[in-house]
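Per-entry structural report
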Amino acid sequence: ILNVEQSPQSLHVQEGDSTNFTCSFPSSNFYALHWYRWETAKSPEALFVMTLNGDEKKKGRISATLNTKEGYSYLYIKGSQPEDSATYLCALIGETSGSRLTFGEGTQLTVNP
Amino acid sequence: SQTIHQWPATLVQPVGSPLSLECTVEGTSNPNLYWYRQAAGRGLQLLFYSVGIGQISSEVPQNLSASRPQDRQFILSSKKLLLSDSGFYLCAWSVNPHGYTFGSGTRLTVV
């Protein structure tokens with residue numbers, strides 16, 4: 001069983017703050033890492049799929065980096081807005097997982113106006 | 001276009017009653033299909049996945065079962081619900097490790 005950990009569990013920031021979250025995974029069993037944005041009662045929205053060590057991806061104010069050698073990924077949000085409030089999930093596909101995603105427990109972000 | 005339908009959106013069922021949640025996919029053939037669950041205070045856990053008709057793999061032992069009677073239909077069932085079956089159930093499909101599409105989920109409350 002793959003162990004994917006996310007920190008912090010929850011985060012409250014003010015509008016305009018920049019923030020970042022961490023996703024840790026076993027570096028010895030890595031194929032791809034997914035980041036999702038998830039609002040209550042909705043489908044998770046895909047943000048990034050990362051596969052290569054050193055990958056950096058950006059989508060608007062959100063960006064992510066990947067370090068497969070040490071087993072972590074960071075998600076950054078620049079200038080947080082209230083509409084960024086959601087749970088951010090990372091999910092690992094291991095080399096032996098086929099296409100199965102193993103999710104972390106998520107970071108719940110609340111952006112106060 | 002590729003879409004995924006999952007229903008119902010919410011369900012309240014008594015303990016001991018049966019369960020059937022259905023998920024159908026449109027616009028793709030031979031997808032991998034998945035059932036995930038988020039229990040209260042927990043992350044998303046993979047319950048079942050299927051790589052083809054009639055092929056079901058279970059990730060964790062539980063009170064639930066899954067079936068894939070058609071290529072693009074995935075059903076989650078229980079004969080007798082337990083309180084611990086409460087949670088948010090998500091169906092998903094993929095055709096490769098780089099792209100997943102999730103349904104909108106079912107909130108199941110067992111009372």
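Residues numbered from 1 in each chain as written. Chains lettered and ligands numbered in written order. Predicted model: local features only at pLDDT ≥ 70, side-chain atom pairs only at ≥ 80, totals over all residues. Heavy atoms only, no water.

Quick word on the nonpolar core
Residues Leu33, Trp35, Phe48, Leu75, Tyr88 and Leu109 of chain A are the most contacted members of the largest nonpolar core, which totals 24 residues. Within the residue set of this core, elements represented by two or more residues are strand S2 (10-14), strand S3 (19-24), strand S4 (32-38), strand S5 (45-50), strand S7 (62-67), strand S8 (72-77), strand S9 (86-93) and strand S11 (107-112) of chain A. In terms of residues, this core owes the most to one element, S9 of chain A, which gives four residues. Of all hydrophobic cores here, the second largest spans 21 residues; its members include Leu19, Phe74, Cys91 and Trp93 of chain B. (Core = buried A, V, L, I, M, F, W, Y, C linked by side-chain atoms within 4.5 Å. Buried < 20%, exposed > 50% of the residue type's maximum accessible area, 1.4 Å probe, protein only. Helix = DSSP H or I, 4+ residues; strand = E, 2+ residues; numbered from the N terminus.)

Quick word on the interface of chain A and chain B
Facing 19 residues of chain A, the contacting portion of chain B comprises 22 residues. Taken together, the two surfaces of chain A and chain B that pack against each other cover about 1,600 Å², and 61% of this comes from carbon and sulfur. Among the residues chain A hides against chain B, the three largest losses belong to Trp38, Ser99 and Arg100 of chain A. Together they make up 32% of the total. In this assembly, chain A and chain B are joined by two salt bridges. For Arg100 of chain A, the salt bridge goes to Glu59 of chain B, with nearest N and O atoms at 3.5 Å. (Contact = heavy atoms within 4.5 Å. Buried area = accessible area lost by both parts, 1.4 Å probe. Salt bridge = Lys/Arg side-chain N within 4 Å of Asp/Glu carboxyl O.)

Some details on the sheet that holds strand S7 (residues 65-70) of chain B
Residues and elements named next belong to chain B. Across the sheet, which stays open at both edges, the four strands sit in the order S1-S3-S8-S7 with antiparallel pairing between neighbours. If you trace the sheet from one side to the other, it starts and ends with strand S1 (3-7) and S7, each paired once. Between one strand axis and the next, the sheet turns through 20 degrees on average, direction left out of account. Sheet topology note: the S7/strand S8 (residues 73-78) ladder contains four bridges and is antiparallel. The residue of S8 that forms the bridge with Ser67 is Ile75. (Pairing = 2+ DSSP bridges. Axes fitted to C-alpha atoms, helices over the stretch in contact; angles between N-to-C directions.)

Side note on the environment of Leu90 of chain B
Looking at the secondary structure, you find Leu90 of chain B in strand S9 (residues 87-96). On the basis of relative accessible area, Leu90 of chain B is assigned to the buried category, the value being 0%. Separated by 46 residues in the primary sequence, Leu90 of chain B and Leu44 of chain B have C-alpha atoms spaced 8.7 Å apart. When neighbours within four sequence positions are excluded, Leu90 of chain B is seen to be in contact with Trp38 and Pro44 of chain A together with Gln6, Tyr34, Trp35, Tyr36, Leu44, Phe102, Gly103, Ser104 and Gly105 of chain B.

Structural notes on the sheet that holds S7 of chain A
All names here are of chain A. Across the sheet, which stays open at both edges, the five strands sit in the order S1-S3-S8-S7-S6 with antiparallel pairing between neighbours. Looking at the sheet topology across the chains shown, the edges are occupied by strand S1 (5-7) and strand S6 (56-59). Sheet twist, expressed as the average angle between the axes of neighbouring strands with direction ignored, equals 15 degrees. The pairing of S3 with S8 spans six bridges and is antiparallel. Within S8, the residue paired with Phe21 across the bridge is Leu75.

Digging into the environment of Ser7 of chain A
Its place among the elements puts Ser7 of chain A in strand S1. In contact with Ser7 of chain A, not counting residues within four places along its chain, are Phe21, Thr22 and Thr107 of chain A.

Any link to function would need more than the numbers given here.
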